Amino acid sequence: MTNNQSATTIAKDSVKKLTTNYVNTLTDVLKQLDSEQVKSLVDTLLTMKANNGTLYLCGNGGSAANAIHLANDFTFGISPEGNALKVEALPANSSVLTCLGNDIGYENIFAHQLKVKANSNDILLVLSGSGNSENIIRATQQALDIGMKTVGILGFSGGKVKPMLDQVFHFEVQDMQISEDTQVIVGHILMKALYNALREPN
């Protein structure tokens, strides 16, 4: 066996091990998800909808992308006919983000949007791996000041924001990528549950 063949074999073994470990860890982490908690949030979101409220989502980095992804699912996926949620991903407008970041600080990019737009019939859903990002903490505090309900999907220890939230999906895993995976998975379960609920006879 040549050196190149040996390196290729080691690389394949390494990727195989990484893949197996990742799948096993994600599977174990998802066992922490409580279906009763999901049902409770579905009910809360349906009540918000009945009160003409808006779901606001926020996060940083990969969690920002997940917020935008889930806003799409809640706008269209739960009801292609148009009977969906009013929803906005706060990281989606780059002009607003760069304005606020430049003028009043990155830590205020989500809180200020809530101050301008939100009311007590609305819900804030924060997506965070660490739960310690200052802009997530300030957004949550702003939501509480307005009288909004607050929900989070968190990883690691849950961070400073965890005790501030009304409802928490906390997955204790020391891995940012798996933490971000849980955000989309919980979001997709919510989407399917809402899709079904909106088709049930009254």
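Notes on the structure in this doc start here. A quick note: this is a predicted structure, and the numbers were derived from the prediction, not measured. (Residues numbered from 1 in each chain as written. Predicted model: local features only at pLDDT ≥ 70, side-chain atom pairs only at ≥ 80, totals over all residues. Heavy atoms only, no water.)

### Here's the deal with the overall build of the protein chain
We apply this condition: The numbering of helices and of strands both runs from the N terminus, where a helix is a DSSP run of H or I of at least 4 residues and a strand a run of E of at least 2. A 1.4 Å probe rolled over the protein chains alone gives each residue an accessible area, and that area as a share of the maximum for its type sets the label: buried under 20%, exposed over 50%, partly exposed in between. We call two residues in contact when some of their heavy atoms are within 4.5 Å. The protein chains shown are the only cover counted for residues, whose accessible areas, like all others here, come from Shrake-Rupley with a 1.4 Å probe. The convention is simple: Lys and Arg are positive, Asp and Glu are negative, and His and the chain ends are not counted. Note on charges: their place is set at NZ of Lys, CZ of Arg, CG of Asp or CD of Glu.
Check the secondary structure of the protein chain and you find 7 helices and 5 strands. Element order for the protein chain, N to C, with α for helix and β for strand: α-α-β-α-β-α-α-β-α-β-β-α. Counting only C-alpha atoms and orienting by the principal axes, one finds that the protein chain spans roughly 70 × 50 × 30 Å. With 202 residues in all, the protein chain has 43% of them scored as buried. Taking as baseline every contact in the protein chain between residues at least 6 positions apart, the subset at least 24 positions apart corresponds to 70%. Counting only carbon and sulfur atoms, one obtains 52% of the accessible surface of the protein chain, whose full area is about 10500 Å². Separation of charge centres in the protein chain, based on 15 positive and 19 negative side chains, amounts to 2 Å.

### As for the packing of helix α3 (residues 62-77) against helix α7 (residues 176-197)
Quick reminder of the rule: Between N-to-C directions, angles cover 0 to 180 degrees, with each direction set by a line fitted to C-alpha atoms, over the stretch in contact for helices. Should an angle fall under 35 degrees it is taken as roughly parallel, and over 145 as roughly antiparallel, whereas 65 to 115 is taken as roughly perpendicular and any remaining angle as oblique.
At a minimum axis distance of 10 Å, the contact between α3 and α7 shows a crossing angle of 10 degrees. Judged by the inter-axis angle, α3 sits roughly parallel to α7. When α3 is examined against α7, the residues G62, S63, N66, H69, L70, D73, F74 and G77 are found in contact with a partner set consisting of E180, Q183, V184, G187, H188, L190, M191, L194 and Y195.

### Side note on the sheet that holds strand β1 (residues 54-58)
What counts here: The pairing criterion is simple: DSSP has to find at least two bridges between the two strands.
One open sheet holds the 5 strands; their spatial order is β2-β1-β3-β4-β5, and the pairing between them is parallel. Single-partner strands in this sheet number two, and they are β2 (86-89) and β5 (167-170). The average undirected angle you get between the axes of adjacent strands in this sheet is 15 degrees. Relative to β2, β1 runs parallel, the two sharing 4 bridges. Along β2, the bridge assignment pairs L55 with V87. Packed onto the sheet, helix α2 (residues 35-50) meets β1, β2, β3 (123-128), β4 (149-154) and β5 and runs at close to 140 degrees relative to β5.

### Some points on the packing of aromatic side chains
This is how the line gets drawn: Stacked, tilted and edge-to-face pairs are distinguished by plane angle, under 30 degrees for stacked and over 60 for edge-to-face with tilted covering the rest, among Phe, Tyr and Trp rings (Trp via its six-membered ring) whose centres lie within 6.5 Å. Note on geometry: a ring has a charge over it if NZ (lysine) or CZ (arginine) is within 6 Å of the ring centre and within 35 degrees of the ring normal.
Summed over all chains, the structure comprises 0 aromatic pairs. The ring of Y195 carries R199 above its face, with NZ or CZ at 3.7 Å from the centroid.

### Here's the deal with the nonpolar core
Basically, it comes down to this: By nonpolar core we mean a set of buried residues, namely Ala, Val, Leu, Ile, Met, Phe, Trp, Tyr and Cys, connected to one another through side-chain atoms within 4.5 Å.
Among the nonpolar cores identified, the biggest contains 31 residues, and L45, L55, L57, F74, L85 and F169 are the most heavily contacted of them. Elements represented by at least two residues in this core include exactly α1 (3-30), α2, β1, α3, β2, β3, β4 and α7. Core analysis: the next-biggest nonpolar cluster, separate from the first, contains 21 residues, A118, A139, L165 and V168 among them.

### What to know about the pairing of β3
Of all 6 residues in β3, 6 are buried; the element is thus mostly enclosed. By the alternation rule, side chains of β3 split into I123, L125 and L127 and L124, V126 and S128, which are all buried. Two elements, β1 and β3, share 4 bridges in a ladder whose sense is parallel. If you follow C58 over to β3, its bridge partner there is V126. Strand direction decides the pairing type here: β3 and β4, joined by 6 bridges, are parallel. By the bridge assignment for β4, S128 is matched with L154.

### Points about the packing of α2 against α7
What counts, and what does not: Handedness of a crossing follows from how the near helix is turned relative to the far one, being left-handed for an anticlockwise turn of less than a right angle and right-handed for a clockwise one.
The interhelical angle for the contact between α2 and α7, taken along N-to-C directions, is 60 degrees, at an axis separation of 10 Å. In this view, α2 runs oblique relative to α7, as classed from their interaxial angle. Considering how the two elements wind past one another, α2 and α7 form a crossing that is right-handed. In this structure, α2 uses V38, L41, V42, L45 and L46 to contact α7, whose residues at the interface are I189, L190, A193, L194 and A197.

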